[in-house]
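# Per-entry structural report
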Amino acid sequence: MKLLERLRTDRRLSPAPARDDQAIDLWLEEDEALVSRAQRGQTRAFDVLIERYKERLYATVYHMTSNREDANDLVQDTFIKAYKSLRSFKGQSSFYTWVYRIAVNRTINFLKRGKNRTHHSLDNVDDSIQTDPDFVELMSQDTPHREAGLHELQQQLNAALQKLSDNHRAVVVLHDVQGMTHADIAKAMKCSEGTVRSRLFYARQQLQGLLSEYL
Amino acid sequence: MKCHQVQRLFDDLASGRLPEPLSQGVRQHLADCTDCRVQHQRMTKLQRLLALKRYERPAPDYFDSFLTDFKVRLEAEPTRTGFWRRAFAAADLEPLLSWRYGLATAGCLIGALALLWVGLGKSPATGSASAPAITVEPLIVTVGNPSPVSDDQLVSPRFELPLTHPVEVEPTISPGRPVLATTVAHHVSTPHYVLERVSITPATYDVPIDF
C-alpha cells in the first residue's frame with residue numbers, strides 16, 4: 001500500500017501527472033501486460049516493474065558484492081539494460097527471470113573486472129532476526145562467538161562469501177540465501193543443473209572450512 | 001547408494017523434491033553412515049547460517065530516489081554511445097540505403113577486378129641482389145703430424161680484421177699442431193663468430209682473440 005500511495009503522490013516520475021486510477025490499474029496488472037505496455041512506449045508500466053523487483057534484485061546483488069553502493073549502481077545498470085533491450089524480450093521466460101539473469105551476469109562481470117570497492121559497506125540487520133529460531137539457537141550455543149554478537153557474525157559471513165570464486169558465490173547466494181531452485185539458477189546463469197549442483201557442493205565445502213567456528 | 005551420491009541429494013531431500021523410494025534410501029544411508037550423517041548436519045547448519053543473511057536490509061529510505069536516479073541515468077545514456085554510431089546517426093543515409101544493393105554489387109565487382117589486376121600484374125620474384133656479408137672458407141692444414149684431426153683440435157689463427165676491405169688471413173703455423181686457416185672476405189661491419197674449440201665465441205674488431 002505504501003507503493004500505491006507513492007504512485008498516487010509522486011509527480012516527478014512522469015512529465016504529465018497521471019491519473020490515480022491509472023497508476024493503481026498498472027500496479028494491479030501482471031508482468032506480461034506491463035512488459036507489453038512498456039514495449040509500446042508506456043514508461044509508467046516499466047516504472048511499476050522497477051518498483052516491483054528492485055528490492056529483490058538489490059538483495060541478490062548486495063549479497064554478491066557485500067557493498068551497498070556497488071549493488072545500487074548494478075541494479076540501476078540492470079534496469080537500464082533491461083529497458084533498452086525490452087524490444088528483444090520475447091516472453092520465453094518470466095520478466096523477473098530475464099531481469100534476474102541480467103543482474104547476475106552484470107554482477108559477475110563487474111566482479112571479474114575487479115572494479116568493485118574493496119571495503120564492505122554492509123546493510124543493517126533487521127531486528128526481527130532476534131526472534132529467528134536459527135539465530136537464537138546459534139547464540140545460545142556455548143561458543144567463543146556467543147558474546148561477539150550479531151555484528152561480528154555478519155562480518156564473518158560476508159568475509160567468507162567474498163573468499164569464494166564469483167561463480168561459486170553467485171550459486172550459494174542464489175540458492176542458500178535467496179532460496180532459488182537449481183533449475184531457476186541454471187536458467188539465470190545459463191548453465192546446466194549439474195553445474196549448479198557441482199558449484200554448490202564445492203562452495204559449501206569451502207564455506208564449511210571458513211565458518212567452522214559456527215558449525 | 002554411495003556416499004558421494006547421497007551427499008549430492010541433500011538439497012533435494014531438504015526441499016522434499018525426491019521421490020519417496022529414493023528419499024527413504026537416502027534416509028536409510030544417513031542412519032547407517034556416520035560420515036554422511038555428520039556431513040548432512042554440517043551442511044544443514046551452514047544453510048541455516050547463510051539464511052540469516054536475509055535479515056540484512058538497507059535503510060527504509062534507501063530506495064526513495066531510486067526511480068528518479070534511474071531516469072536521470074537513462075536520459076544520460078545516449079551520450080555514451082560510440083563515435084561511429086553517433087556519426088552515422090547524424091548523417092542522412094536514406095538516399096544511399098535505397099541504392100544499397102547496387103552499391104554492394106558494384107563494390108564486389110571493383111574488388112574482384114582489383115584482385116585480378118594485382119594477380120596478373122605481379123611478376124615472379126627475381127631474387128635478392130644482396131650477397132652474404134661474410135664468406136668463410138675453412139681449410140685444414142696439418143704440419144708435421146700425420147694423425148687425423150678431430151673437431152676439438154681445431155684452433156683459429158690470430159688475426160685482426162679491417163672494417164671495410166676484404167682481407168686474406170695467413171695462418172700462424174706451429175710445427176706439429178693442426179691449424180684451421182680461414183680466408184675472410186669482409187664487406188660490412190656486422191660482428192661474426194669464430195669456431196673456438198666447438199664453442200661459438202663472438203669476435204670483435206677491437207680486441208684480438210687470444211687462445
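Each value, and the rule that gives it
- Residues numbered from 1 in each chain as written.
- Chains lettered and ligands numbered in written order.
- Predicted model: local features only at pLDDT ≥ 70, side-chain atom pairs only at ≥ 80, totals over all residues.
- Helix = DSSP H or I, 4+ residues; strand = E, 2+ residues; numbered from the N terminus.
- Buried ≥ 20, exposed ≤ 12 C-beta atoms within 10 Å, placed from the backbone.
- Contact = placed C-beta atoms within 7 Å.
- Axes fitted to C-alpha atoms, helices over the stretch in contact; angles between N-to-C directions.
- Left-handed = near helix turned anticlockwise from the far one by under 90°.
- Parallel < 35°, antiparallel > 145°, perpendicular 65-115°, else oblique.
- Nonpolar A, V, L, I, M, F, W, Y, C, P; charged D, E, K, R; others polar.
- pLDDT = per-residue confidence, 0-100.

### Some points on the overall build of chain A
- Counting its secondary structure elements, chain A contains 11 helices and 1 strand.
- What you see in chain A, going N to C, is helices and strands ordered as α-α-α-α-α-α-β-α-α-α-α-α.
- When each of the 215 residues of chain A is scored for burial, the buried share is 34%.
- At a minimum sequence separation of 6, the contacts of chain A that also span at least 24 residues come to 63%.

### Focus on the environment of A:Leu34
Residues and elements named next belong to chain A.
- Within the fold, Leu-34 resides in helix H3 (residues 31–39).
- Sequence separation of Leu-34 and Asp-47 is 13 residues, and the distance between their C-alpha atoms is 9.4 Å.
- When near neighbours in sequence (up to four residues on either side) are disregarded, Leu-34 contacts Leu-26, Glu-29, Ala-45, Val-48 and Leu-49.

### Concerning the interface of chain A and chain B
- Across the contact, 35 residues belong to chain A and 27 residues belong to chain B.
- Of all the elements in the fold, those that place two or more residues in the side of chain A that touches chain B are helix H4 (43–65), helix H5 (68–84), strand E1 (124–125), helix H7 (133–140), helix H8 (150–162), helix H9 (166–177) and helix H11 (193–210) of chain A.

### As for the packing of helix H6 (residues 95–113) of chain A against H9(A)
Residue and element names in this part refer to chain A.
- Two elements in contact, H6 and H9, have axes whose closest approach is 10 Å; the angle formed by their N-to-C orientations is 145 degrees. Along this stretch, H6 crosses H9, giving a crossing that reads as right-handed. Facing Val-104, Ile-108, Leu-111 and Lys-112 of H6, the residues of H9 in contact are Asp-166, Asn-167 and Ala-170.

### Side note on the packing of H3(A) against H4(A)
Residue and element names in this part refer to chain A.
- Where H3 meets H4, the closest approach of the two axes is 7 Å, and the angle between their N-to-C directions is 140 degrees. The angle between H3 and H4 places the two elements in the oblique class. Read as a crossing pair, H3 and H4 show a hand that is left-handed. Contact residues: H3 offers Asp-31, Leu-34, Arg-37 and Ala-38, while H4 offers Ala-45, Phe-46, Val-48 and Leu-49.
- Of the residues in the contact of H3 with H4, the class split is 6 nonpolar, no polar and 2 charged.

### Focus: the confidence of the model for chain B
Residue and element names in this part refer to chain B.
- Summing up the model confidence of chain B, the mean pLDDT is 70 and the portion of residues at 70 or higher is 51%.
- When pLDDT is averaged over each helix and strand of chain B, the minimum, 47, is found for strand E3 (residues 179–186) and the maximum, 91, for helix H3 (residues 20–32).
- Counted against residues more than four places away or in other chains, residues 153–165, with its pLDDT under 50, gives 32 contacts.
- If you check the scores for this complex, the pTM reads 0.60 and the ipTM reads 0.76.

### Describing unusual backbone geometry
Residue and element names in this part refer to chain A.
- Even without a glycine there, the phi angle at Ser-66 is positive, about 55 degrees.
- Residue position: Ser-66 is located in the loop between H4 and H5.
- At Lys-190, a residue that is not glycine, the phi angle is positive and equals roughly 55 degrees.
- If you trace the backbone, Lys-190 turns up in the loop between helix H10 (182–189) and H11.
- For Lys-190, a count of 10 C-beta atoms within 10 Å puts it in the exposed group.

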